[in-house]
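This is what each chain is made of:
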Amino acid sequence: MRPLDGYPTSFGSSRASVFPHQGPVLYDPVVAGAAPALATAGDLVEAGPEAGMKYFDWVSGGLSDSGTYRVEAAPVAESGDPDNPTKLGQPSTTYRLRWIVVATGAQAAAIDLSAEVVRLFAIGPK
C-alpha cells in the first residue's frame, strides 16, 4: 500500500503522512517491557515503504476500517532516559503496533489480521 493522495506533506519543520497499514497474517501480541526495557513482538510499521517518510517522530493509530480492531502505536527505540533528562529520543524508522479487539479490550492474539486495514497518521522530520 502507499500513503493517501497528497501525503506525505510538510508543515513547519515537520512532515506528516496518512497511510493505510494492512494487518499481519498471524498477530503476535505485544509483550510489555519492565522499564527501562522496551515492549517486544506486535506488528511493525516502517517509515519508508509504508508512509513515504525517512523517519517517524510519532505515529498514531485508530480503528480498523471494519471497526473491529483499535490500533495503538509505540516507538521501538527509547524515547528518553528518566535518569538523564538531557538525552532526548531520536527519530525511528519503525514503530510497534498493538491490535486490540474493540468488543473485548483484549489483544488480537494469534488472529489472522491480513484482511484488516487501519489508517495511521505519522509525523517526522523533513
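None of these values were measured; they are calculated from a predicted model.

Asks: Tell me about the overall build of the chain, and name the residues and values.
Replies: Regarding its fold elements, the chain presents 1 helix and 9 strands. Put simply, the chain runs from its N terminus to its C terminus through helices and strands in the order β-β-β-α-β-β-β-β-β-β. The globule rule puts the C-alpha radius of gyration for 126 residues at 14 Å, and the 15 Å found for the chain is close to it. Counting only C-alpha atoms, the chain reaches 40 × 40 × 20 Å along its principal axes. Counting across all 126 residues of the chain, residues that qualify as buried make up 32%. Taking the intrachain contacts of the chain between residues at least 6 apart in sequence as the baseline, contacts between residues at least 24 apart amount to 69%. If you sum the accessible surface of the chain, you get close to 7000 Å²; carbon and sulfur atoms cover 56% of it. Across the chain, the mean location of the 9 positive side-chain charges is 7 Å away from that of the 13 negative side-chain charges.

Asks: If you had to explain the environment of Val-59 to someone new, which residues and values would you point to?
Replies: Note on placement: Val-59 falls in strand S4 (residues 58–60). Using a relative accessible area of 3% as the deciding quantity, one classes Val-59 as buried. When the C-alpha atoms of Val-59 and Ala-47 are compared, they prove to be 9.6 Å apart, with 12 residues separating the residues in sequence. For Val-59, the residues in contact, after removing those within four places along its chain, are Ala-73, Tyr-95, Leu-120, Phe-121 and Ala-122.

Analysis parameters
Counting of residues starts from 1 at the beginning of each chain's written sequence and follows it residue by residue. Only residues with pLDDT of at least 70 get local features here, since the model is predicted, and only at 80 or more are side-chain atom pairs given and counted; chain-wide, interface and lining totals rely on the full set of residues. Here the side-chain values reflect all heavy atoms present in the structure, with hydrogen atoms and water set aside. Secondary structure counts use DSSP, requiring at least four H or I residues in a row for a helix and at least two E residues in a row for a strand, with both numbered from the N terminus. Here the globule rule is a power law, 2.2 Å times the number of residues to the power 0.38, and the radius of gyration is based on C-alpha atoms. We call a residue buried when its accessible area falls under 20% of the maximum for its residue type, exposed when it is over 50%, and partly exposed in between, using a 1.4 Å probe and counting protein chains only. By the convention used here, residues are in contact when the closest approach between their heavy atoms is within 4.5 Å. With residues, only the protein chains shown are counted as cover, and all accessible areas are computed by Shrake-Rupley using a 1.4 Å probe. His is not counted, nor are the chain ends, whereas Lys and Arg count as positive and Asp and Glu as negative. By convention, the charge on Lys lies at NZ, on Arg at CZ, on Asp at CG and on Glu at CD.

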